[in-house]
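# Architecture and fold: a report
Below, each chain spelled out in residue letters.
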Amino acid sequence: MSATLAPPNIVILVADDHRFEAMGSNREFQVRTPTLDRLVREGTSFERAYTMGGLTAAVCIPSRSCLMTGHNTFDAVVSRQTDDITGLQTLSPKLPLLPEIFREAGYNAFGIGKWHNDPASFNRAFNGGDAMFLGGMGDHFNLPLHAYDPGSAYTAPTGSTASRHATDVFVDAALDFLHVQAETTPFLLYLAFTAPHDPRTAPAAYTDRYSPAHMDLTQFPNLYPEHPFDCGDLDVRDELLASRPRQPAETRRHLAEYYAMIAHMDSRIGDILNCLAGTEQADNTIVLYLSDHGLGLGQHGLMGKQNLYEHSLRIPCLWRGPGIPRGRKSSRLVQHRDILPTLCSLAGIQGSSNGDGQPMFTTNGENAGEGRTAILAVYKHLQRCVIEKDLKLIQYFKEREGKAELAYEQLFELKTDPFETNNLAFAPAYGTELVRLREVLCSLQEECRDPLLQ
């Protein structure tokens, strides 16, 4: 730790399924998010933050693995086998975890909410916790919860949300934690929501604000009745949440429920910020809000996040606190693995030296170099994607005789086609760029030792 009298406190808030555009300050203006909009004004928003995806349909698992380790989706866990759920959610024991690094630097590291990695890693990461949900999804009003126990394998839940909404339970636990923090010991609070993941059941006070009949679908020119071709996993659970072909009335209902969940979470995050201000900790606390991934909700005819379109890959990534510029919007390409080295840099802590994440800020809040020129995203052995500046190439694969064969490609110009409706892969004018992006994609796959190459 650097020689400083007041190491910054850290609050990490992680949403589940919150896509980048679904904020009042972004394109989907119908959802009201005054707290998140406030973070945008008071800090730095990374407008091109993406999940890297992974080898399982439960995309939240690899996203959180990258966040915790500072490594790419393949190296963060112990398995490289598609749909090996146990192996793909078990964090590599060789890698120091984000809270673990801060705990060893003298921080009180406290975890609340969803933990979709192996339970043993939770106790390795944190020295305290409360209201822990060790799973992927469930009834928000009756989630099975665990109390923190450093000697437990967490095989049986010790409680539940007991008819209270999970967002309220998690935030109230965070407020209890913040109220008793001594100014002499820095803290790292990690709160992972289960919102706005389905079942999307916000409290009535919020569902009443969003009528399906008033949802404006004209803002989404890519609302297709069905996906135009077989992208490899069209019968995964998420895609069965709505009828096919997609019906506008059903899409409006899903969108209204989604917005209500986000609005409720936004309000409770406001309570956390107010608590920090009330304890006089706000000026010395880094607040980070981000999501594990986005969601389709009818765009491209898809309901889930098991795809590599912008609505599913792109996430909010909002920073506020000491050393972070106010009112800045950055176009830097970033991913979950960049969070760990960024927090270490801001706090003056020597983190893991062998991670492949890159700091987004230096200690004084300035941008840390130019960053990546391109990023890789993956889904199982079915899809690969490279994003470079405003160009994006997606490749789709089919298995044939035990090998993955390229079946289809899409090339999008994101600046002029943000909804990804115009495939340029067959446009002669983009032939040179297509060949070049294929090479960039292959290079990124080799760098990460992508098992698809094998």
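Preceding block: the structure.
The structure reproduced in this document is the subject of the present report. The shown structure was predicted, so the numbers you read here are calculated from the model rather than taken from an experiment. (Residues numbered from 1 in each chain as written. Predicted model: local features only at pLDDT ≥ 70, side-chain atom pairs only at ≥ 80, totals over all residues. Heavy atoms only, no water.)

Of note, the amide linkage connecting Ala195 to Pro196 takes the cis form, showing an omega dihedral of 0°. In this structure, Pro196 sits in the loop between strand E8 (187-192) and helix H7 (204-207). Of the consecutive residues Asp198 and Pro199, the connecting peptide bond is found in the cis state with omega at 0°. Considering the arrangement of structural elements, one finds Pro199 in the loop between E8 and H7. For Glu420, which is not a glycine, the phi torsion comes out positive at approximately 55°. Owing to a relative accessible area of 2%, Glu420 belongs among the buried residues under this scheme. (Helix = DSSP H or I, 4+ residues; strand = E, 2+ residues; numbered from the N terminus. Buried < 20%, exposed > 50% of the residue type's maximum accessible area, 1.4 Å probe, protein only.)

It is worth spelling out the side chain of Thr342 at this point. Assignment of secondary structure puts Thr342 in helix H10 (residues 339-347). A polar contact of 2.8 Å, which involves the side chain of Thr342, links it to the backbone nitrogen of Met360. Residues in contact with Thr342, not counting those within four places in the same chain, are Trp319, Gln358, Pro359, Met360 and Phe361. (Polar contact = N/O pair within 3.5 Å; in protein donor to acceptor, adjacent residues only side chain to side chain. Contact = heavy atoms within 4.5 Å.)

Moving on, we get to the nonpolar core. General note: in soluble globular proteins, nonpolar side chains tend to be found buried as a group. Counting residues in hydrophobic clusters, the biggest one holds 59 residues, and the most contacted among them are Ile12, Leu98, Phe102, Tyr190, Trp319, Ile339 and Leu343. When residues of this core are assigned to their parent elements, the largest contribution, six residues, is made by H10. Sequence-distant contacts of Ile339, that is, excluding residues within four places in its chain, are made with Leu67, Leu98, Leu288, Leu290, Cys317, Trp319 and Met360. (Core = buried A, V, L, I, M, F, W, Y, C linked by side-chain atoms within 4.5 Å.)

All told, the structure shown has 34 salt bridges when counted by the stated rule. Where Asp271 meets Arg268, a salt bridge forms, and the shortest distance between an N and an O atom there is 2.7 Å. One end of the pair is Asp271 and the other is Arg268, both in helix H8 (residues 248-278) and three residues apart, which spans about a single turn. Arg436 is the partner of Glu388 in a salt bridge, and the nearest nitrogen-oxygen pair spans 2.7 Å. In this pair, Glu388 sits in strand E14 (residues 383-388) while Arg436 sits in helix H11 (residues 431-447), placing the two residues 48 residues apart along the sequence. Within the structure, one salt-bridge network assembled from shared partners comprises Asp17, Asp198, Arg237, Asp238 and Lys305. (Salt bridge = Lys/Arg side-chain N within 4 Å of Asp/Glu carboxyl O.)

Turning to the sheet that holds strand E16 (residues 403-413), a few remarks are in order. Judged by pairing direction, the sheet is mixed, and its five strands sit side by side in the order E3-E13-E14-E15-E16 without closing on themselves. In this open sheet, the two edge strands, each paired with only one partner strand, are strand E3 (53-54) and E16. Bridge count for E3 against strand E13 (residues 374-379) is two bridges, and the pairing is parallel. Paired with Gly53 across the strands is Val378, a residue of E13. (Pairing = 2+ DSSP bridges.)

The periodicity of an α-helix, 3.6 residues per turn, causes residues three or four places apart in sequence to face the same way. Across the 10 residues that make up helix H2 (residues 60-69), a large majority, 10, are buried. When we look at burial in H2, the residues that qualify are Cys60, Ile61, Pro62, Ser63, Arg64, Ser65, Cys66, Leu67, Met68 and Thr69.

Moving on: the pairing of E14. Of all six residues in E14, six are buried; the element is thus mostly enclosed. By the alternation rule, side chains of E14 split into Gln383, Cys385 and Ile387 and Arg384, Val386 and Glu388, which are all buried. In this structure, E13 lies alongside E14, joined through six bridges in antiparallel fashion. The residue bridging Tyr379 from the neighbouring strand is Gln383, located in E14. As consecutive antiparallel partners, E13 and E14 are separated by three residues, and within that stretch Lys380 has a phi angle of approximately 45°, a positive value. Two strands pair when backbone bridges link them, and E14 and strand E15 (residues 391-400) are joined in this way by six bridges, in the antiparallel orientation. For Gln383, the partnering residue across the bridge sits in E15 and is Tyr396. The antiparallel pairing of E14 with E15 creates a hairpin that spans two residues between the two strands, and Lys389 there sits at a positive phi of about 55°.

These results come straight from atomic positions and should not be treated as a statement about function.
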